[in-house]
Amino acid sequence: MGKLFGWSIILGVVWFLGYVGIHVIKVRLGYSDIKGKAETMLVPSSRIMVQNIPDELMEHAEERGIPLKKDSIRLFVDEWGGYKVLSFSYRDSFLVFDKPIYFSFSFIDTAPLR
């Protein structure tokens, strides 16, 4: 009886750690996916027009199910200095025992305009 109880506790802990680990990896992969897309769009040789970057980023986030909001994306273009700055932030979460665990992500990158 004691061995069965011990093994069930060990299996429960392993299951819980696996559940949390998989969701943390899923959230981090979502962030790295949207970050990679943002970095690709900021490259001077990108085919995406500068003013279309927020729309393209939102479209990519919606396709992937990433909770990015339009008002959290900021694009600053300095014609005189010759650079562009893109920043965004969002929160993602998952439930553990009906309690949400939140992750907050932010991104900022500067690139030459041409």
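Right above here is the structure, for reference.
Because the structure is predicted, anything quoted here is derived from the model rather than measured.

## Brief notes about the pattern of salt bridges
Part 1: Following the criterion strictly, the structure yields two salt bridges and no others.
Part 2: Linking R64 and E63 is a salt bridge whose minimum nitrogen-to-oxygen distance equals 3.8 Å.
Part 3: In this structure, a network of salt bridges that share partners links the residues D33, E63 and R64.

## Points about the pairing of strand β3 (residues 99–112)
Part 1: Taken together, the 14 bridges between strand β2 (residues 83–96) and β3 define a ladder with antiparallel strand orientation. Pairing of S89 across the sheet is with S106, part of β3.
Part 2: Between β2 and β3, which pair antiparallel and follow one another directly, the connecting turn spans two residues, one of which, F97, has a positive phi of 55 degrees.

## Let's talk about the nonpolar core
Part 1: In terms of nonpolar packing, the biggest core is built from 22 residues, with I34, L57, L68, I73, L86, F88 and Y90 touching the most fellow members.
Part 2: For this core, the secondary structure elements donating two or more residues are α1 (2–42), α2 (53–64), β2 and β3.
Part 3: Here the element with the most residues in this core is α1; it accounts for seven residues.
Part 4: Excluding anything up to four places from it in sequence, Y90 contacts G30, Y31, I34, I66, P67, L68, F103, S104 and F105.

## Section: the sheet that holds strand β1 (residues 74–78)
Part 1: The three strands are arranged β1-β2-β3 in an open sheet whose pairing can be described as antiparallel. On the outer flanks of this sheet lie β1 and β3, each paired with one strand and no other. Averaged over all adjacent pairs, the angle separating strand axes in this sheet is 10 degrees, with direction ignored.
Part 2: Bridging between β1 and β2 involves five bridges; their strand directions are antiparallel. Residue D78 lies in a different strand from β2, and its bridge partner there is Y83.
Part 3: The strands touched by α1 within the sheet are β2 and β3, with β2 carrying the most contacts at an inclination of about 165 degrees.

Conventions and cut-offs
Residues numbered from 1 in each chain as written. Predicted model: local features only at pLDDT ≥ 70, side-chain atom pairs only at ≥ 80, totals over all residues. Heavy atoms only, no water. Salt bridge = Lys/Arg side-chain N within 4 Å of Asp/Glu carboxyl O. Pairing = 2+ DSSP bridges. Helix = DSSP H or I, 4+ residues; strand = E, 2+ residues; numbered from the N terminus. Core = buried A, V, L, I, M, F, W, Y, C linked by side-chain atoms within 4.5 Å. Buried < 20%, exposed > 50% of the residue type's maximum accessible area, 1.4 Å probe, protein only. Contact = heavy atoms within 4.5 Å. Axes fitted to C-alpha atoms, helices over the stretch in contact; angles between N-to-C directions.

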